[in-house]
Amino acid sequence: MTALHSSAPLEPGVEVDLVVTGIAHGGVGVARHEGRVVFVADAIPGERVRARITDAKKKSFARATAVEVLDASADRRDHVWAEAAITRDPENRAGGAEFGHISLERQRALKAEVLADAMQRFGGVQLSAEGAEDAAAALAEIVEPPPVFVDDEEADPDAAADTGLGYRTRVRLHVDPETGAVGPYAARSRRVIPVESLPLATEGINQIAPLGEAMPGVDTVDLVDPSGDDPRMLLTLAGEKQRSGASDPIHEWVEDRGFLVRAGGFWQVHRAAPAVLFTAVRDAIGELIDDGRFDPVAGNLDLYGGAGLLAAAVAEAAGPGVKIATVEAEAAATEDAAENLSAIVGALAHTARVDRHLADLLRASGPVRERLRRGTVVLDPPRAGAGNGVTAQLAELAPMNIVYVACDPVSLARDTKSLRDSGYELTGLRAFDIFPHTHHFESLAVFQRA
Ligand SMILES: C[S@@+](CC[C@H](N)C(=O)[O-])C[C@H]1O[C@@H](n2cnc3c(N)ncnc32)[C@H](O)[C@@H]1O
């Protein structure tokens, strides 16, 4: 039985009534209980909820999950995924759709708040639009919705609604080692939750997902639905690391451009995301060209380049005569990048860790260093960001422009601080809601050497 005491010490299992006043990185609400911060999952700022404490090890804050809504926000909706709804016990709620109970508009406003807060606290940048009469409304518009897309060729695109569903082309499911049941993990746990459907995933993934089946001896099930090939399933057997079929080539389309990728390699997960980021990078480079700040024959770089999507966007803006080198740790992705960029005579694809490659470039001869100083660096690091080591190397390399694509706002904000401290000015910032119904979003920041 759970205890409900407003003055009981906070410990796992205790339930408390909380007023949620804000949103924190990770998509959790912020509340206070007797002076202590409580991060509350599955709530919306402005709501009063009853929440169950899940973690109280730290003195400064505790964690909780809403179990009942006492005063609901006008933005609360029925959860898009029945198996993740608040009516279930927190332990049995499917993870991966932690904003699925919030209107799409409010989801984007909350993401904008998280970005603005991170940029202010860690990046030293105030985001609210200058001179805007309604700063909150201006801020909410910072996070752009993805284009409404239809996955079904026969559907009428004009009739498609922005549901934020059916977009994920990559999904990982897990297998319960005891029962063999297949499903997503519960939020913040490694407990496998059997589900009837995957509403965030494409139709193709839903058709092949082994939901309701038992798969003893399997550890993970990766589902991939490329735009240019049939959907497929990659299995990792228990105790093994290799996923079956991970290195099979698959084809992805970004509007009318084809890309070769490995089935298990990195590709943006929202069906529309590759085109959204391709266009955003192409436009950012276009603006630098218009300002006379982009040199196509300088030492341009696409760091953490994957299969070359963003280098291709640079080439689209600057023309096929552009010089650009991708740097990527996965050898198979580099092979694909070389293939995908083969029409760009000045493109090179290197397999290397970014820090090691930059260290080599910093030892290069004077003329090479000078070409790099005139260049533009595009970077799209994993969630941890570039980090102090790589931002310090970039500052020393001193390219004219840095176009930074980020999937984590706090990492972006920290790297922004390092770059600003070393003489770069943040001249542009956009954000894209390409992970609807989750707390994730993507940002694009442009820095110019002062
Ligand atoms: C967010 S993905 C971006 C890929 C590509 N820009 C795209 O949009 O498809 C990050 C990529 O960085 C690679 N990576 C991660 N850490 C790296 C490192 N230290 N050095 C080089 N590449 C790295 C990963 O393999 C992955 O392909």
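Parameters at a glance
- Residue positions within a chain follow its written sequence, with the count starting from 1.
- For this predicted model, a pLDDT threshold of at least 70 governs which residues receive local features, and a threshold of 80 or more governs which side-chain atom pairs are given and counted, while totals over whole chains, interfaces and linings are taken from all residues.
- Here, a strand pair is defined by DSSP locating no fewer than two bridges between the strands.
- The secondary structure listing takes helices from DSSP runs of H or I that are at least 4 residues long and strands from runs of E that are at least 2 residues long, numbered from the N terminus.
- For a helix, the expected span equals 1.5 Å multiplied by the residue count minus one.
- Here exposure depends only on C-beta density: within 10 Å of a residue's C-beta, 20 or more other C-beta atoms make it buried, 12 or fewer make it exposed, and intermediate numbers make it partly exposed, the C-beta atoms being placed from the backbone.
- We call two residues in contact whenever the C-beta atoms placed from their backbones are within 7 Å.
- One nonpolar core equals one set of buried Ala, Val, Leu, Ile, Met, Phe, Trp, Tyr and Cys residues connected by C-beta atoms within 7 Å.
- These domain limits were set by an automatic method or by a database of domain assignments.
- UniProt positions are given in the numbering used here, feature names are shortened, and annotations may be inferred rather than shown by experiment.
- Throughout this description, a residue near a molecule or strand is one whose C-beta atom, derived from the backbone, lies within 6 Å of it.
- Following the grouping adopted for this structure description, the nonpolar residues are Ala, Val, Leu, Ile, Met, Phe, Trp, Tyr, Cys and Pro, the charged ones are Asp, Glu, Lys and Arg, and the polar ones are all others, Gly among them.

The protein carries the name 23S rRNA methyltransferase in an unreviewed UniProt entry, which gives Leucobacter chromiiresistens as its organism.

## Concerning the sheet that holds strand β8 (residues 182-183)
Within the open sheet, the four strands sit side by side as β8-β7-β9-β10. Their pairing is antiparallel. Looking at which strands have only one partner, the edges of the open sheet turn out to be β8 and β10 (232-237). For strand β7 (residues 170-175) and β8, the ladder comprises two bridges, and the chain directions are antiparallel. Counted as the bridge partner of Val175 is Val182 from β8.

## Notes on helix α10 (residues 409-421)
Here α10 contains 13 residues, and its C-alpha end-to-end distance of 18 Å stays within 8% of the 18 Å for a straight helix at 1.5 Å per residue. Here α10 lies mainly inside the structure; ten of its 13 residues are buried. Buried residues along α10 sit against α1 (104-121), α9 (387-397), β17 (401-406), β18 (424-432) and β19 (442-449). Taken from the residues just after α10, Gly423 is the one with a positive phi, measuring 100°.

## Looking at the sheet that holds strand β6 (residues 143-144)
Pairing is mixed in the open sheet, where eight strands are placed in the order β6-β18-β19-β17-β16-β13-β14-β15. Every interior strand has two partners, whereas the edge strands, β6 and β15 (347-351), have only one. Relative to β18, β6 is paired through two bridges, and the arrangement is parallel. By the bridge assignment for β18, Val143 is matched with Ala431.

## Things to note about the nonpolar core
Residues Val40, Val281 and Val314 are the most contacted members of the largest nonpolar core, which totals 122 residues. If you tally residues by element for this core, the top one is helix α4 (residues 273-290), at ten residues. Taken together, domain 1 (15-76) and domain 2 (157-247) each give at least three residues to this core, which thus spans both. Setting aside its immediate chain neighbours within four residues, Val314 contacts Val281, Ile285, Asn300, Asp302, Val322, Ile324 and Val378.

## A look at the UniProt feature "domain: TRAM" (unreviewed entry) in the protein
Cross-referencing UniProt, the feature "domain: TRAM" (unreviewed entry) maps to residues 9-68 in the present numbering. A distance of 20 Å separates the end C-alpha atoms of residues 9-68, which is 0% helix and 63% strand.

## Thoughts on the site of the ligand
Neighbouring residues of the ligand: 18 residues in total, closest Phe266, Tyr304, Gly306, Ala329 and Asp380. At the level of secondary structure, the elements contributing two or more residues to the shell around the ligand comprise α5 (309-318) and β14 (324-328). Taken together, the residues that form the shell around the ligand break down as eleven nonpolar, three polar and four charged.

## Considering the domain arrangement of the protein
When the domains of the protein are assigned, the result is domain 1 (15-76) and domain 2 (157-247). Here the C-alpha centre of domain 2 lies 30 Å away from the C-alpha centre of domain 1.

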